[in-house]
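Working through the structure, step by step
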Amino acid sequence: VIPIGSKDVIDTADMPTSYGSTIYAQHQPIADSYCVAALKQAGAIILGKTATAEFAHTQPPLTRNPHNPEHTPGGSSSGSAAAVADGMVPAALATQTGGSTIRPAAYCGIVGFKPTFGLINTAGVKPVAQSLDTVGLMARSVDDIALLMRVLVHSDLCLPTRLAAVPRVAFFKTPYWEKIQKSSQQHLEHMARHLEICGAQVTEIVLSDSFDASYPAQRLVMNYEAARSLLYESVTSPQLMSNALNAQLSIGRNYSLADYQAALNQISAARAELANTLEQYDFILTPAAPGIAPKGINASGESIVNRNWTALGVPCITLPTGSAEGMPIGIQLVGKHHQDMLLLHWARWVMSNWSGKTNPI
């Protein structure tokens, strides 16, 4: 029996689900979400609901980073990341629409996994953006993530064994490299060199301007779809919603259908470019966050290095491999569509070749 935390945008029949909003302070779902039902069926216990940003969008909860309570744990899966990092639960359910699994996992020094879009059923998860919403997983090891995947996707899933001994790695600094903190830049570059020493073939890649367009395109799609997913709440109870969320929904309402369709086309073009690129590599090594968790809990950090991967629907994992100023630094590995277990295999390879080589946090 494994105790699991569940993000409070995921319905539970035996516990209130408030979606991080006072609008739903007394809300009691009549049914479990798919992911909660599947975990219970496998023998897990949902120990409790974890704090989330308001509707998993903008305004963060009061959760603090267990490594230093003066710092944010990230968001929107704030409580899930903090609970796993603090040892309250060995694993937790999260979601990601922008960077809500990968970034808080990096900030809190745990393993965070965003599967291929649509691989884990989202029934019973409060929608934000239907083209992006993905159930994410948080744990303290890659093997625990693999176990959760077998429960939530299919029992036949297992980590591959008959593969090349070492991976082909694409090192991608992202178009926002100048916004990455120096310590995180240095750590990622050090990891790339270390993987080479371990035998990996590491090649730095640069993607096209068309690919770069997937970053702002994700933001547009998210705001456009969120303005519609949360229409009822924004019409009936705008006074109970944060100014930050109301502002984002207003932006979304002002986009035209042509704007939305153009953004979807940009994402489709970037997805095709990425698929062609990944034919030559086993995974991409890239930043998981712009740096360590920022000070303060009124904001949850920037998702500039996460949004595009969410839009493209590919599996991503953050691994806790470094630290600076006493706070965790994570790296992000990005895999191929529907090759989730293969990405987990290479994530385990990275961790097994890195174990003990980072200072304890």
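Right, let's walk through the structure included here.

**Quick notes on helix H5 (residues 182-197)**
When the terminal C-alpha atoms of H5 are compared, their 23 Å separation across 16 residues agrees well with the 22 Å that a helix rising 1.5 Å per residue should span. All of the buried residues in H5 are Ser184, Gln185, His187, Leu188, Met191, Ala192, His194 and Leu195. Looking at the packing, one finds that the buried side of H5 touches strand E6 (168-171), strand E7 (201-204), strand E8 (283-287), strand E9 (316-324), strand E10 (327-334) and helix H12 (340-352). Downstream of H5 by a residue or two, glycine 199 has a phi angle that is positive, lying close to 110 degrees.

**Description of the packing of aromatic side chains**
For the structure shown, the criterion picks out eight aromatic pairs. Look at tyrosine 19 and tyrosine 24: their rings are 5.0 Å apart centre to centre, the planes differ by 75 degrees, and that puts the pair in the edge-to-face class. Measuring from centroid to centroid gives 4.0 Å for tyrosine 224 and tyrosine 260, while their planes differ by 10 degrees, and the two rings are stacked. Linking tyrosine 224 in helix H7 (residues 214-229) with tyrosine 260 in helix H10 (residues 257-278), this pair joins segments that are 36 residues apart in sequence. The same class applies to tyrosine 224 as to tyrosine 260, namely buried.

**Some remarks on the environment of leucine 343**
Position of leucine 343 among the secondary structure elements: in helix H12. Residue classification places leucine 343 among the buried positions, given a relative accessible area of 2%. The spatial distance from the C-alpha of leucine 343 to the C-alpha of aspartate 144 is 14 Å, given a sequence separation of 199 residues. If near-sequence neighbours (up to four positions away) are discounted, leucine 343 is found in contact with Phe113, Phe283, Pro315, Cys316, Ile317, Leu333, Val334 and Gly335.

**Points about empty space enclosed by the protein**
As enumerated under the stated definition, the model contains three cavities of 30 Å³ or more in all. Taken together, 13 residues form the lining of the largest cavity, with Ser184, Ala288, Ala289, Ile329 and Gly330 sitting closest to its centre. Looking at the lining of the largest cavity, the elements with two or more residues in it are H5 and E10. Of the residues belonging to the lining of the largest cavity, the class tally is nine nonpolar, four polar and no charged. In this structure, the second largest cavity occupies an estimated 40 Å³ of space. Around the second largest cavity, the lining residues are Val9, Ala56, Thr95, Thr97, Val125, Lys126, Val128 and Asp133. Residue composition of the lining of the second largest cavity, by class: four nonpolar, two polar and two charged.

**Topic: H7**
Compared with the 22 Å implied by 1.5 Å per residue over 16 residues, the 22 Å span of H7 between its first and last C-alpha is a close match. Taking burial as the measure, the 16 residues of H7 include twelve buried ones, the bulk of the element. Of all the residues in H7, the buried ones are Ser214, Tyr215, Ala217, Gln218, Leu220, Val221, Met222, Asn223, Tyr224, Glu225, Ala226 and Ala227.

**With respect to the nonpolar core**
Ranked by internal contacts, the top residues of the largest apolar core, which has 101 residues, are Leu93, Trp309, Ile317, Leu333 and Leu344. At eight residues, H12 tops the list of elements feeding residues into this core. Setting aside residues no more than four positions away along its own chain, leucine 333 makes contact with Phe283, Ile284, Leu285, Pro315, Cys316, Ile317, Leu319, Leu343, Trp346, Ala347 and Val350.

**Quick notes on the layout of surface pockets**
Reported here for the largest pocket is a volume of approximately 340 Å³. As for the largest pocket, its lining consists of 23 residues, and the residues nearest its centre are His57, Thr58, Arg219, Ser300 and Gly301. Of all the elements, H7 adds the most residues to the lining of the largest pocket, at three residues. Class assignment of the residues belonging to the lining of the largest pocket gives a composition of four nonpolar, 15 polar and four charged. What the second largest pocket holds in volume is close to 170 Å³. Every residue lining the second largest pocket is counted, 13 residues in all, and those nearest its centre are Lys49, Thr50, Gly79, Ala83 and Met88.

**Regarding the packing of helix H4 (residues 142-152) against H12**
Where H4 contacts H12, the axes come no closer than 9 Å and their chain directions differ by 165 degrees. Looking at the two axes, H4 sits roughly antiparallel to H12. In terms of crossing hand, the pair formed by H4 and H12 is left-handed. Between H4 and H12, the residues in contact are Val142, Asp143, Ile145, Ala146 and Met149 and Asp340, Met341, Leu344, Ala347, Arg348 and Met351, respectively. Here the residues of the contact of H4 with H12 sort into eight nonpolar, no polar and three charged.

**Brief notes about the pattern of salt bridges**
Enumeration over the complete set of coordinates arrives at ten salt bridges. When the shortest N-O distance is used, the salt bridge between arginine 348 and aspartate 143 registers 3.1 Å. Here the residue arginine 348 occupies a position in helix H12, and aspartate 143 occupies one in helix H4, the gap between them amounting to 205 residues. The class of arginine 348 is partly exposed, set by a relative accessible area of 35%. Judged by relative accessible area, which is 38%, aspartate 143 ranks as partly exposed. A salt bridge links lysine 173 to glutamate 204, with the nearest nitrogen and oxygen atoms 3.8 Å apart. Of this pair, lysine 173 sits in the loop between E6 and H5 while glutamate 204 sits in strand E7; the two residues are 31 residues apart in sequence, bridging distant segments of the chain. We classify glutamate 204 as partly exposed; its relative accessible area is 47%. Through salt bridges with shared partners, a single ionic network connects Asp14, Asp32 and Lys40.

What counts, and where the lines are drawn
Residues numbered from 1 in each chain as written. Predicted model: local features only at pLDDT ≥ 70, side-chain atom pairs only at ≥ 80, totals over all residues. Heavy atoms only, no water. Helix = DSSP H or I, 4+ residues; strand = E, 2+ residues; numbered from the N terminus. Expected span 1.5 Å × (residues − 1). Buried < 20%, exposed > 50% of the residue type's maximum accessible area, 1.4 Å probe, protein only. Contact = heavy atoms within 4.5 Å. Phe/Tyr/Trp six-rings, centres within 6.5 Å; stacked < 30°, edge-to-face > 60°. 1 Å grid on protein atoms, 1.4 Å probe; cavity = no way out; pocket = protein on both sides within 12 Å on 5 of 7 lines; lining within 4 Å. Points joined across faces, edges and corners; volume = space filled by probe spheres on them. Nonpolar A, V, L, I, M, F, W, Y, C, P; charged D, E, K, R; others polar. Core = buried A, V, L, I, M, F, W, Y, C linked by side-chain atoms within 4.5 Å. Axes fitted to C-alpha atoms, helices over the stretch in contact; angles between N-to-C directions. Parallel < 35°, antiparallel > 145°, perpendicular 65-115°, else oblique. Left-handed = near helix turned anticlockwise from the far one by under 90°. Salt bridge = Lys/Arg side-chain N within 4 Å of Asp/Glu carboxyl O.

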